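# Observations on chain architecture
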Amino acid sequence: MSQHANEIYLKDYQVPAYLLEHTELRFELREGATLVHSQLAFYLNPACEQAQPPLSLFGHEDLELISMSLNDIPVAESSWQREGEILTVVDVPERFCLKVVTRILPHENTALEGLYLSDGMYCTQCEAEGFRRITFYPDRPDVMSVFRTTVEADQHQFPVLLSNGNPVASGNTDDGRHWVTWEDPFPKPAYLFALVAGDLAHIEDHYTTMSGRNVALRIYAETKDLDKLEYAMASLQRAMAWDEKVYGREYDLDIYMIVAVDFFNMGAMENKGLNVFNTSCVLAHPATTTDAAFQRVEGVVAHEYFHNWSGNRVTCRDWFQLSLKEGFTVFRDAEFSADTNSRTVKRVEDVALLRTAQFAEDAGPMSHPIRPDSFIEISNFYTLTIYEKGAEVVRMIRTLLGEELFRKGSDLYFARHDGQAVTTDDFVKAMEDASGRDLSQFCRWYSQAGTPELKVEDHFDASTGRYTLTVQQSCPPSPGQTEKQPYHLPLAVGLLDSEGNDLPLAEGYHTQVLELTQPEQQFVFEGLSSKPVPSLLRGFSAPVKLNFPYSREALMFLMANDSDGFARWDAAQQLVVGIMQEMMDRLTQGQPLTLADELVTAYRAVLTDNALDPAMVAKVLTLPSEAYLAELAECVDVDAIHEVRCFLRQSLAQALAPDWQRVYRDNQTEGEYSPDAKSIAHRSLKNLALSYLMALETEESLALAQQQYRQADNMTDMQVALSLVAHSGFAAAADELLTDFYQRWQNESLVVNQWFAIQVTDPKPGALARVEKLMQHPAFDRRNPNKLRAVIGNFCAQNKVNFHAEDGSGYRFLAEQILLLNTQNPQVASRLLTPLTVWRKYPSQRQALMRQALEQIQSCKDLSRDVYEVVSKSLA
């Protein structure tokens, strides 16, 4: 296993010995094999202190080296050696041109890294280290080069030939082939390289930049999907305008392209000028796409476009700095979505994901800082910690500096480092220099793993009118980090009087940001006539766990009165979680379950408050997920969580049935479908009401769901109705709708994925048998990551009561699938492993079975680095 244990450390970083002035590539795409001709203009790095260093290039072990010459002279066999992924050439001059020809087999590339075939279309995925599967190259992000790329292929089979930059030349050959040359004038690392060749159609529009430049915009897809591209195009144009307005960032090439690809490991890739997208992140049509998927398309299109500056023009020096580009860009796309839609709803959705999944990651065996100290396989660090927590760290910087100084800092960052590969320290330094603030303690967010915890206590002295908040901060141990230093973090607070009004705080504002820097601090508020109710962590001002001894009455008060939308939702979550945890305790003690009257009162108050945004009502009244309840538990009782949640859902449905029926009627949308925020809000509340009514399992509720399914003019309403019926006890009705749905949409791959997901997440017994049966279905293709995620991923992560079956069958199933995928697609295999990595959180019987499954995987002699790292750290 020594090859797997080759850990790479940030502390060992060394500058590259040689840099590149220019990269010229020529691809001969032919059936069976592709020839790649590279011409690389190297020069000695002035920052390299080594005398006459050898040239080291990366190349995957499957690369076939055809020829190699240095300054047009073949390199003698005695002057180079190849060991693993490293090709070393000795005795090279300070400046030289290296020409290399390699042969690769894209049709056999099931890892979907480098150059591969997706349904007959050539495409690439080079981040993080896919380019080394194409040719020998200094494949590291701090080696940047301008690229000139020629793609040659059969003209009939592959009429569209794309790469980075602008097209500069094209032509035909006598044997029915053609070629196109693309030139990207902006230096970039190899991970941003892209190539696409296929029989594709496209839609086209344009955008006029703030300086008056006209940019052509093209989105490519298969001809059958052309009617699903308009929303992505409109989202792109909105993103371009927003980035100019908010950050002053203008697009720099003559053309911007997006290509939809069905076989893709990730969501999308920001390759310079040629974004390659998973079809799930670009195709959108009311008939086939849910509201959530429309919003995802908008967010991902914006994210990849924003990378043009925060990732491409300024990139990361090494992969330990991944959050430099991803955290910043996630923050940017979240703000874009908040400005475009509902800011509060967007914040609630982001925090729900963070608390459910990222906090669990922080507490698990793969816990790491947003700037990791080491890794075995970088692909394992495209995580919620790097992306979502990284975005929260950038958000805290903006909170501490204020919007004006943050913009000044980002302007300085882009101006200072344009065309460079830099570090998170460089980003923070730009913010310090622009604002005059000292952020040295704040930088612990980059180096310390884990989720900080805040314990808050309050005291009111009626005789002096003084109200005191005492805040203690701590952070639990994580792998390799037993002791944590205090963080610098913003805690946004508000104080409410007995009437529910915000009290004026510093400078008359209703929200004050308290800056925590010590293990314990006190904050005093003067001149109060009575004890206030504190509204803590408004807007989720820091990614922390907060503990304050709220009474149920106080939480209900905040639910009804807090002016901060996030805090209002959070109060509802805390109220319900506390009640559910008490119910779980009673259940394990053999006591009967009962519905708390306070919860009915609180829910009814929200349902009857017509002043509230329907989207927020839906968020507030959605019960915490089983995954979130599991994350909160010290020892996860899967069955108790599931039983209590089902009981509570059914009891609330019964107690509030007339209200749910009224809400369902009142939130019907009329007219043509639109994915705007207002329409989505009404659909979300209407469908929440239907889900509660279906919990009653009456003939009336079934008829309502069936009617919605049959009359739906959009996929959101149709999918919700189908899912509710499929997960109900009405077996015949479920079979009828599932059959009808597949017959309608069998030619729409993304819709079939929804059909798969609905069935594998059905919590009724027998789920594993359904999963195994679906894996034999003609529509299931285990080479396609989207299909693997739809079936295996959804079952193991979203159907907890069945995955965690007491006999361990779910664990054995996942282990078997991981071993099958280990050599086929290591990236997907390692990501699907996550449900097993948290085995220590479960009772001893399940712990033993989960550990056995991990040990079964670990015993494989040919584990990929991806899988080995996750399994070995999980068992450590």
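As shown above, the structure is provided for reference.
Residues numbered from 1 in each chain as written. Predicted model: local features only at pLDDT ≥ 70, side-chain atom pairs only at ≥ 80, totals over all residues. Heavy atoms only, no water.

### Remarks on the sheet that holds strand E10 (residues 114-118)
The sheet built from four strands is open, its strands ordered E10-E11-E16-E13 with antiparallel pairing. A single partner strand is all that each edge strand has here, and the edge strands are E10 and strand E13 (160-163). Across the sheet, the mean angle from the axis of one strand to that of its neighbour is 20 degrees, orientation sign disregarded. Pairing geometry for strand E11 (residues 121-125) and strand E16 (residues 195-198), over two bridges, is antiparallel. Following the sheet pairing, Cys123 is matched in E16 by Val196. (Pairing = 2+ DSSP bridges. Helix = DSSP H or I, 4+ residues; strand = E, 2+ residues; numbered from the N terminus. Axes fitted to C-alpha atoms, helices over the stretch in contact; angles between N-to-C directions.)

### Observations regarding the sheet that holds strand E8 (residues 86-89)
In space, the three strands of this open sheet follow the order E4-E8-E7, with antiparallel pairing throughout. Each having just a single partner strand, strand E4 (55-58) and strand E7 (80-83) make up the two edges of the open sheet. Direction aside, neighbouring strands of the sheet carry axes that sit 20 degrees apart on average.

### What about the pairing of E7?
Sheet topology places E7 next to E8; four bridges connect them, and they run antiparallel. Each residue of the ladder has a partner; that of Arg82, found in E8, is Leu87. Where E7 hands over to E8, the hairpin turn is made up of two residues, of which Gly84 adopts a positive phi near 65 degrees.

### Digging into helix H20 (residues 749-760)
The α-helix advances 3.6 residues per turn, and as a result positions three or four apart in sequence lie on the same side. Compared with an ideal rise of 1.5 Å per residue, which puts twelve residues at 16 Å, H20 spans 17 Å between its outermost C-alpha atoms and is within 8% of the ideal. With ten of twelve residues buried, H20 is to be regarded as a mostly interior element. (Expected span 1.5 Å × (residues − 1). Buried < 20%, exposed > 50% of the residue type's maximum accessible area, 1.4 Å probe, protein only.)

### Focus: the state of the cysteines
By the definition in use, this model includes zero disulfides. We note that Cys443 lacks a disulfide partner, and the nearest cysteine sulfur, in Cys475, lies 16 Å from it. Residue class for Cys443 comes out buried when judged on its relative accessible area of 19%. (Disulfide = S-S within 2.5 Å.)

### With respect to the pattern of salt bridges
Applying the stated criterion across every chain, the model contains 68 salt bridges. Between Asp339 and Arg343 there is a salt bridge, with its nearest N and O atoms 2.6 Å apart. Judged by relative accessible area, Asp339 falls into the partly exposed class, the value being 44%. For Arg662, the salt bridge is made with Asp659, and the minimal N-O distance between the two is 3.9 Å. Remark: Asp659 and Arg662 occur in helix H15 (residues 657-666); sequence separation between them is three residues, near one turn of the helix. Among the residues examined, Arg662 registers a relative accessible area of 24% and is labelled partly exposed. The structure contains a network of salt bridges with shared partners spanning Arg26, Glu28, Arg30, Glu152 and Arg177. (Salt bridge = Lys/Arg side-chain N within 4 Å of Asp/Glu carboxyl O.)

### As for the side chain of Thr288
On the secondary structure map, Thr288 appears in the loop between strand E21 (274-278) and helix H2 (291-306). Accessibility expressed as a relative area gives 9% for Thr288, which makes it buried. Beyond its immediate sequence surroundings of up to four residues, Thr288 is in contact with Lys228, Met715, Trp745, Glu748, Val751 and Gln754. (Contact = heavy atoms within 4.5 Å.)

### Side note on the side chain of Thr34
Within the fold, Thr34 resides in strand E3 (residues 34-44). Assessed through its relative accessible area of 0%, Thr34 is described here as buried. Setting aside anything within four residues of it in sequence, one finds Thr34 in contact with Phe27, Glu28, Leu29, Thr102, Arg103, Ile104, Pro106, Leu115 and Tyr122.

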